[in-house]
Amino acid sequence: FYMVFIDYVKWMYNVKSATTIKILHQLMEMADFNTGEVSLSPGKRKEIMNQFNISRSSFTQSLNYLIEQNILQQKFYVDKNTGELTNEEVKGEYRINPDMFWKGDLKRRKELRVTFEAIDE
């Protein structure tokens, strides 16, 4: 079970690729409870590509589209000394925008929405 916030998913009506919707659905199922975090190891990517019978380029295009639309956000490393985000991406680690989709406690969602918006600037 996950919640969908309709006002924030209008972009879905313009998606031309069924593959993108399939991948998004799979990512929502994989998302961690109360964080929306998704880990896409090379093995997991291959598993999804095999499951949907799609090429690596189609998978990458769909993933990039989800990032461009602010549905997914790449995770970044945090500087151990300052506690601030660095410019270095954590490969294969993402968070689903809690404004659009959520799986977990609504109080926790409110806390993460602030974090998500601050990171997105």
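Thresholds, definitions, all that
- Residues numbered from 1 in each chain as written.
- Predicted model: local features only at pLDDT ≥ 70, side-chain atom pairs only at ≥ 80, totals over all residues.
- Heavy atoms only, no water.
- Helix = DSSP H or I, 4+ residues; strand = E, 2+ residues; numbered from the N terminus.
- Contact = heavy atoms within 4.5 Å.
- Areas by Shrake-Rupley, 256 points an atom, 1.4 Å probe, with all protein chains shown as cover.
- Axes fitted to C-alpha atoms, helices over the stretch in contact; angles between N-to-C directions.
- Parallel < 35°, antiparallel > 145°, perpendicular 65-115°, else oblique.
- Nonpolar A, V, L, I, M, F, W, Y, C, P; charged D, E, K, R; others polar.
- Expected span 1.5 Å × (residues − 1).
- Buried < 20%, exposed > 50% of the residue type's maximum accessible area, 1.4 Å probe, protein only.
- Polar contact = N/O pair within 3.5 Å; in protein donor to acceptor, adjacent residues only side chain to side chain.
- Core = buried A, V, L, I, M, F, W, Y, C linked by side-chain atoms within 4.5 Å.

A. A look at the overall build of the chain. Within the chain, the regular secondary structure consists of four helices and five strands. Along the chain direction, N to C, the helices and strands of the chain fall in the order β-α-β-α-α-β-β-β-α. Relative to all contacts within the chain whose residues are 6 or more apart in sequence, the contacts with residues 24 or more apart total 59%. Carbon and sulfur atoms provide 49% of the accessible area of the chain, an area that totals close to 7800 Å².

B. Focus on the environment of Leu-66. Position of Leu-66 among the secondary structure elements: in helix H3 (residues 56-68). Considered as a pair, Leu-66 and Ile-96 are 30 residues apart in the sequence and their alpha carbons are 9.3 Å apart.

C. Summary view of the packing of helix H2 (residues 42-52) against H3. Running from N to C, H2 and H3 cross one another at 105 degrees; their axes reach a closest spacing of 10 Å. The angle between the axes of H2 and H3 places the two elements in the roughly perpendicular class. Where H2 approaches H3, its residues Arg-45, Ile-48 and Met-49 are matched on the opposing element by Arg-56, Phe-59 and Leu-63. Partitioning the contact of H2 with H3 into residue classes produces four nonpolar, no polar and two charged.

D. Representation of helix H1 (residues 18-30) in the model. With 13 residues, H1 ought to run about 18 Å at 1.5 Å a step, and its terminal C-alpha atoms sit 19 Å apart, in line with that. For H1, the complete set of buried residues consists of Thr-19, Thr-20, Ile-23, Leu-24, Gln-26, Leu-27 and Met-28. A distance of 3.2 Å separates the backbone nitrogen of Thr-19 from a side-chain oxygen at the start of H1, and that oxygen is part of Ser-17.

E. Region of the structure containing the nonpolar core. Residues Leu-27, Leu-40, Phe-59 and Ile-96 are the most contacted members of the largest nonpolar core, which totals 20 residues. Broken down by secondary-structure element, the contributors of at least two residues to this core are H1, H2, H3 and strand S4 (85-96). With four residues, the top contributor of residues to this core is H1. The contact partners of Leu-27, leaving out residues within four places of it in the chain, are Val-38, Leu-40, Leu-63, Leu-66, Leu-72 and Ile-96.

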